[in-house]
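Structural characterization, general
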Amino acid sequence: MSVHNPDIKRVTTHTIQELKNKGEKISALTAYDYSMARVVDTAGVELILVGDSASNVMAGHETTLPITLDQMIYHASSVVRGVKRALVVVDLPFGSYQGNSSEALRSAIRIMKESGAHAVKMEGGQEIRESIVRILSAGVPVMGHLGLTPQSIYKFGTYAVRAKEEAEAQKLIDDARMLEDIGCFGVVLEKIPASLTKTVSKSLTIPTIGIGAGPDADGQILVLHDLLGINNEFKPRFLRRYADLHTIITKAIAHYVDDVKANDFPNEKEAY
């Protein structure tokens with residue numbers, strides 16, 4: 001069991017790079033609130049992503065597009081207050097950086113100042129280069145995201161594996177190198193062929209974090225609610241469930257309801 005000392009020094013972008021240099025895999029998970037962030041942090045995860053997947057798992061939207069910058073800052077602030085060790089990275093939400101580099105910089109600065117997070121993540125390659133450079137120039141660490149980029153789901157029209165064809169694979173390789181060259185500290189590779197992940201990971205000096213991208217990324221990330229089996233409807237091939245909390249929680253609440261109906265709760269010891 002990998003439960004770390006809460007007094008251990010904080011993980012930084014430098015720490016993440018050192019893990020790649022040593023050949024040690026990087027563990028990453030999403031979190032969206034204070035209580036779960038404390039648990040994830042205590043369990044020893046190095047990188048916590050406050051993902052725009054909060055739009056799906058916390059707010060019930062079909063896509064990540066509806067979540068706003070203010071809402072991302074709310075979730076990020078909650079997570080930061082619960083974390084003592086992990087590196088906290090926050091997604092820039094759809095519409096907060098694609099328009100122009102000035103808007104992107106304002107969005108990134110708001111996240112850093114108002115939430116206390118340590119870095120931001122942005123989806124895309126060459127098409128958002130100017131925005132990434134502008135943010136990096138202000139001293140804000142940036143993590144890239146290539147492959148399946150959920151903010152562009154209506155452009156793709158499907159959540160199928162990306163970069164299976166040679167042209168798209170080459171663009172991904174070129175974009176990954178560009179992200180490294182301009183100063184990103186890492187890049188998420190989502191739902192691409194495992195062989196491509198291996199090629200990209202070996203060609204970059206910065207770490208790659210995979211999701212549905214095979215075992216050869218420098219690290220792995222999953223959505224917390226999927227890993228814990230809270231969301232039991234999402235069943236992609238790449239997901240390994242480590243618990244079935246949907247069943248456990250449902251049974252616990254049903255037991256509570258039964259006890260209330262039977263006037264068994266609260267009992268004498270639970271009353272004042």
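Small disclaimer: the values here were computed from a predicted structure and weren't measured.

Another aspect to go through is the UniProt feature "active site" (unreviewed entry) in the protein. As recorded in UniProt, the feature "active site" (unreviewed entry) lies at Glu190. Note on placement: Glu190 falls in strand 6 (residues 186-190). For Glu190, the residues in contact, after removing those within four places along its chain, are His145, Leu146, Gly147, Leu148, Pro150 and Ile211.

Turning our attention to the sheet that holds strand 6. Sheet architecture is closed into a barrel: 8 strands sit in the order 1-2-3-4-5-6-7-8, paired in parallel fashion. Across the sheet, the mean angle from the axis of one strand to that of its neighbour is 25°, orientation sign disregarded. Direction of pairing for strand 4 (residues 119-123) relative to strand 5 (residues 142-147): parallel, over a ladder of 4 bridges. Counterpart to Glu123 in the pairing with strand 5 is His145.

Turning our attention to the pairing of strand 7 (residues 208-211). In summary, the side chains of a regular strand alternate between the two faces of the sheet. Burial of strand 7 is two-sided: the residues Thr208 and Gly210 facing one way and the residues Ile209 and Ile211 facing the other way are all buried. Where strand 6 lies against strand 7, 4 bridges are found, and the strand directions are parallel. In the sheet register, Val187 faces strand 7, and the bridge partner there is Thr208. Taken together, strand 6, helix 9 (residues 194-203) and strand 7 constitute a β-α-β crossover, and its handedness is right-handed. Taken together, the 2 bridges between strand 7 and strand 8 (residues 219-222) define a ladder with parallel strand orientation. Bridge pairing links Gly210 to Gln220 in strand 8.

Turning next to the UniProt feature "binding site: Mg(2+)" (unreviewed entry) in the protein. Taking the UniProt record as the reference, the feature "binding site: Mg(2+)" (unreviewed entry) is found at Asp52, Asp91 and Glu123. Judged by maximum C-alpha separation, these annotated positions cover 72 residues in sequence but sit close together in space, the widest gap being only 11.0 Å. The residue Asp91 is located in strand 3 (residues 87-91) in this model. The exposure class assigned to Asp91 is buried, which follows from its relative accessible area of 3%. Ignoring anything within four residues of it in the chain, the contact list for Asp91 reads Leu49, Val50, Gly51, Asp52, Met72, Ile111 and Lys121. For Asp91, the side chain forms a polar contact with the main-chain nitrogen of Asp52, separated by 2.8 Å. Secondary-structure assignment places Glu123 in strand 4.

About the criteria used
Residues numbered from 1 in each chain as written. Predicted model: local features only at pLDDT ≥ 70, side-chain atom pairs only at ≥ 80, totals over all residues. Heavy atoms only, no water. UniProt positions renumbered as here; feature names shortened; annotations may be inferred. Helix = DSSP H or I, 4+ residues; strand = E, 2+ residues; numbered from the N terminus. Contact = heavy atoms within 4.5 Å. Pairing = 2+ DSSP bridges. Axes fitted to C-alpha atoms, helices over the stretch in contact; angles between N-to-C directions. Buried < 20%, exposed > 50% of the residue type's maximum accessible area, 1.4 Å probe, protein only. Right-handed = clockwise from strand over helix to strand, strands pointing away. Polar contact = N/O pair within 3.5 Å; in protein donor to acceptor, adjacent residues only side chain to side chain.

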